[in-house]
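Topology and contacts: notes
What follows is the residue order along each chain.
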Amino acid sequence: MTSDDLLFLAKNVSKSFGGLVALDKVTVAVPEGALTLMIGPNGSGKTTFLQVACGVLKPDSGALLFAGRNVTGLPPYARFRLGIVTTFQIPRLFPSLSVLENVLLAAQKVRESPLSLLSSRKGERDLVERAFEVLKLLSLDRVWDKPARALSGGQMKLLELARALVSEPKLLLLDEPLAGVNPALAGEIMQFLSKVRREKGVAMLLVEHRLDIALKHADYVYVLHHGRVISEGSPEAVVEDPLVAKAYLGE
Amino acid sequence: MLDLLVGALVYSNLLALMAVGLSLALITCRVSNFAHGDFAMVGVYVAYTLSVVAGLTPYAWIPAAFAFGGLVSLLAYLLVFEPLRERTDLVTLMVVSMALDMVLRYSLHVYADLMQQWLRVYTRLFMFDDFLVEAAGSRLPGVLPASTAVVAALLASLYVLLYKTRVGVAMRAAIENPGLAEALGVSVRRVFALSWFLSGALAATAGVFLPFRIMVSPDTGWSMLLPTFAAVTVGGIGSLGGSVLGAYLIGFSETVLAYQLAQVGISTAYRPLLTFAAIIVTLLVYPRGLSGLWSGKGWSLRRRS
Ligand SMILES: Nc1ncnc2c1ncn2[C@@H]1O[C@H](COP(=O)(O)OP(=O)(O)OP(=O)(O)O)[C@@H](O)[C@H]1O
Ligand SMILES: [Mg+2]
């Protein structure tokens, strides 16, 4: 891997909560258009890492580079505008906003006057249309005007994904998008993510416990344990690494 | 009797603008803003100054009052409440707003003195000249149709802004969950700044109508606070639609009850008592207020969490 096709690099990132070291000099690289998988036992620091990557948490030390630019000091919304977009382990939605509004919110990057009416101007109409396309892909178009709080748990996950996709991300940080979703739908979501990556060239850093579904789509895998990267490599190599088996079984 | 009705309606119109503005400050930064009445007085003095200097009725200067009141409120947000946001408790914020009230109120007093020397007009206990309109065989003060039209136009515009534009979606999102909105690319600071601009602008607009009914001074804004807080509380704290309803409920009941008291020989000086009673009864009996009745549906913005 050369450094020009590197989209995102976290270098020696550390983060502690009080005395607890959640991340200990973690280095993770995501190349352009790659699907990078991050796995590890519960509490190994995966969610913490994603939150540092998207700016919700500040690292104690280390640096974050995105498209060759140091983004360590940037607040979440600035990183979002650069194209670093996150979905959370527990879907984070605006319960009283409608499904469509939840999605539209993430399309703020489009440079149109924010004051123009959603129904009137051409640019705004295109935006609504694009939002509908994504909703349709995820079978959420029929509930577009429902408040988000009325959705089922699975639909909430899909809505969060729809919101992430409509913002035209360059790097998607996905925290367990398959958790709590039935196996058939989980397979579909994974196919869908693969397709988005292929067709739009969106790079992804995926945190997932369901290796049976996720592993075969991954290009590269990082294994975290107690806040450290204990193994990395191709999916095949990592699965065979005795250290990894020990980390999972030892808990 | 007609006088009473006209009085109640104008007063309620004014309260509606005040209450919606106060609610905007409450739902964005959780400030029970005691400086809100001063924004109204800023509007009064802007319209008064311009109508003395440049002529024309004060009505013509409503846009200027709107803009200037909004600006003062925007500065209050940027310089005082934004730096404190998410960083301090409700009581501190309230005390800070009381301090801000002092600063603004005494600045207005200083301005009133300067204006008096400069323009040689009374700048305390003055009123505006109104025009009269013929309607249904009687003569009504112009402030009735004027304030009604302005309130209707402003509330309708606010509704469109919040529900039909992208910045409105962002504003509602930032109110509901500022942290998440921020993570999704919304600059919470900017949409809250817009909310605060509107908060002061609406109050200043309300202010312009005030001297058509009563004599005003820099301290008048302070006395408008109590009924405004009552309207917001009765309407349901945090709900803009509720604030509007609360304003008309408080406006009418206060006017009518004060009239009844006067009929049986009790001084109207006890008028604030009724308003206080409305706040206390609401908080004791049904703290969610009128908007609680339609439970979060419709025009109700509220911060969860
Ligand atoms: N805000 C916080 N304050 C204190 N400790 C925290 C906080 N967030 C996470 N931790 C701790 O940091 C460690 C790493 O947690 P993290 O959520 O990153 O793990 P994870 O790998 O995502 O686990 P899971 O697979 O269960 O989602 C855990 O021990 C957790 O208890
Ligand atoms: Mg996690």
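Now for a description of the structure that goes with this document.

Calculation criteria
- Residues numbered from 1 in each chain as written.
- Chains lettered and ligands numbered in written order.
- Predicted model: local features only at pLDDT ≥ 70, side-chain atom pairs only at ≥ 80, totals over all residues.
- Heavy atoms only, no water.
- Pairing = 2+ DSSP bridges.
- Helix = DSSP H or I, 4+ residues; strand = E, 2+ residues; numbered from the N terminus.
- Axes fitted to C-alpha atoms, helices over the stretch in contact; angles between N-to-C directions.
- Donors = N, O, S within 2.8 Å, 3.2 Å for Na, K, Ca; no water.
- Buried < 20%, exposed > 50% of the residue type's maximum accessible area, 1.4 Å probe, protein only.
- Near = heavy atom within 4 Å.
- Polar contact = N/O pair within 3.5 Å; in protein donor to acceptor, adjacent residues only side chain to side chain.
- Areas by Shrake-Rupley, 256 points an atom, 1.4 Å probe, with all protein chains shown as cover.
- Nonpolar A, V, L, I, M, F, W, Y, C, P; charged D, E, K, R; others polar.

Some details on the sheet that holds strand β3 (residues 35-39) of chain A
Residues and elements named next belong to chain A. The strand order across the open sheet built from six strands is β6-β7-β8-β3-β9-β10, with neighbouring strands paired in mixed fashion. On the outer flanks of this sheet lie β6 (84-87) and β10 (228-233), each paired with one strand and no other. In this sheet, neighbouring strand axes are inclined to one another by 15 degrees on average, regardless of whether the strands run parallel or antiparallel. Where β3 lies against strand β9 (residues 220-225), four bridges are found, and the strand directions are parallel. Looking at the pairing, threonine 36 lines up with tyrosine 220 of β9.

So, the coordination of the magnesium ion (ligand 2)
Residue and element names in this part refer to chain A. Distances from the magnesium ion (ligand 2) to its protein donors, namely Thr47 (OG1) and Gln89 (OE1), fall within the range 1.9 to 2.3 Å. Pair noted here: threonine 47 is in helix α1 (residues 46-54) and glutamine 89 is in the loop between β6 and α3 (99-105), with a separation of 42 residues, a long-range link. Threonine 47 sits in the partly exposed class, given a relative accessible area of 26%. Relative accessible area serves as the criterion here: at 33%, glutamine 89 is assigned to the partly exposed category.

Let's talk about the site of ligand 1
Residue and element names in this part refer to chain A. If you check the shell around ligand 1, you find 13 residues, and the closest are Gly43, Lys46, Thr47, Thr48 and His209. Here glycine 43 contributes a backbone N or O atom positioned 2.9 Å from an oxygen atom of ligand 1. A distance of 2.5 Å is found between an oxygen atom of ligand 1 and a side-chain nitrogen or oxygen belonging to threonine 48. With the chains in place, 61% of the 630 Å² that ligand 1 exposes on its own is no longer accessible. Only β2 (20-31) and α1 provide two or more residues apiece to the shell around ligand 1. Of the residues that constitute the shell around ligand 1, the class distribution is three nonpolar, eight polar and two charged.

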